[in-house]
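Residue strings, one per chain:
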Amino acid sequence: MNMSFFFPAIFTLLSFDLPFQPVHLDCPEPTNVQVVAETGSSITFDWDDCGCATPTYQVYYKRGSYTSAEYTTTDSRFTFSGLSAGNYSFFFYTVCGAEASSMIIIVDTMEG
């Protein structure tokens, strides 16, 4: 068996199923991430600004096997809307130029 073909094929197949895993270098992760408002279908998070030069924040959520699109914001507050009742994991990380921070995960149950 030609192993040089086999391993890249496995990596390619697996890479579609794995969420983005940022690389932590010198980019600080969001700190003090808190829920500041919650309704039956939305949740708003706020966190401390990293103080980095021109940071952006990437946010997304998982519910069961569904993973939302990643949203980009330059604000240290974000509202997820259109949510239904259930258990969610919300993901936050900072992007500083070509670097990305480690990820912060907040678990919450939406009552609906």
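Please refer to the structure higher up on the page.
Residues numbered from 1 in each chain as written. Predicted model: local features only at pLDDT ≥ 70, side-chain atom pairs only at ≥ 80, totals over all residues. Heavy atoms only, no water.

**Things to note about the overall build of the chain**
Here is the rule: Under the scheme used here, helices are H or I runs from DSSP no shorter than 4 residues and strands are E runs no shorter than 2 residues, and both carry numbers assigned from the N terminus. Exposure categories follow from relative accessible area, calculated using a 1.4 Å probe and restricted to protein chains: below 20% of the type maximum is buried, above 50% is exposed, and the middle band is partly exposed. By definition in these notes, contact holds between two residues if any of their heavy atoms fall within 4.5 Å. Here the Shrake-Rupley method, with its probe set to 1.4 Å, supplies the accessible areas, and only the displayed protein chains count as covering residues.
Helices and strands together make up the secondary structure of the chain, namely 1 helix and 9 strands. Out of the 112 residues belonging to the chain, those deemed buried represent 31%. A fraction of 57% describes how many contacts in the chain between residues 6 or more apart in sequence connect residues 24 or more apart. Here the chain displays about 6,900 Å² of accessible surface, and carbon together with sulfur accounts for 57% of that area.

**Examining the pattern of salt bridges**
Counted only if it meets this: Here, a salt bridge means any Lys or Arg side-chain nitrogen found within 4 Å of an Asp or Glu carboxyl oxygen.
Under the counting rule described, the total for this entry stands at 1 salt bridge. Where D46 meets R77, a salt bridge forms, and the shortest distance between an N and an O atom there is 3.9 Å. Highlighted residues: D46 in strand β2 (residues 43–48) and R77 in strand β6 (residues 77–80), separated in sequence by 31 residues. Since its relative accessible area comes to 26%, D46 is described here as partly exposed.

**Some remarks on the pairing of β6**
Which entries qualify depends on this criterion: Strands pair, by our definition, only if DSSP identifies at least two bridges between them.
Here β6 shows a buried face lined by F78 and F80 and an unburied face lined by R77 and T79. Here β2 runs beside β6; their pairing, made up of 4 bridges, is antiparallel. Across the sheet, residue I43 finds its bridge partner in β6, namely F80.

**Some details on the nonpolar core**
The condition is simple: In this description, a nonpolar core means a group of buried Ala, Val, Leu, Ile, Met, Phe, Trp, Tyr and Cys residues linked to one another through side-chain atoms lying within 4.5 Å.
Residues I43, F45, W47, F80, L83, F90 and F92 are the most contacted members of the largest nonpolar core, which totals 14 residues. Listed by contribution, the elements that provide at least two residues to this core are β2, β3 (56–63), β6 and β7 (86–96). Non-local contacts of F92, meaning those with residues more than four positions away in its chain, are made with P30, V33, F45, W47, Q58, V59, F80, S102, M103, I104 and I106. Of all hydrophobic cores here, the second largest spans 5 residues; its members include Y60, F91, Y93 and V95.

**Focus: the side chain of D108**
Looking at where D108 falls in the secondary structure, it is placed in strand β9 (residues 104–110). Among all residues touching D108, those that are not within four sequence positions of it are V35, E38, I43, G86, N87, Y88 and F90.

**Observations concerning the packing of aromatic side chains**
Filter applied, for reference: Between the rings of Phe, Tyr and Trp (Trp by its six-membered ring), a pair exists once the centres lie within 6.5 Å; its type follows the angle of the planes, with under 30 degrees stacked, over 60 edge-to-face, and the other angles tilted.
Across all of its chains, the model carries 16 aromatic pairs by this definition. Summarising the aromatic geometry, the rings of F45 and F92 are spaced 4.9 Å apart at their centres and angled 65° between planes, so their arrangement reads as edge-to-face. Linking F45 in strand β2 with F92 in strand β7, this pair joins segments that are 47 residues apart in sequence. For F45, a relative accessible area of 0% corresponds to the buried category.

**Examining the pairing of β2**
On a regular strand, one side chain projects to one face of the sheet and the next to the other, so that they alternate. Sheet analysis places strand β1 (residues 31–38) next to β2, joined by 5 bridges and oriented antiparallel. Bridged to A37 within β2 is T44. Linkage of β1 to β2, two consecutive antiparallel strands, is achieved through a turn of 4 residues.

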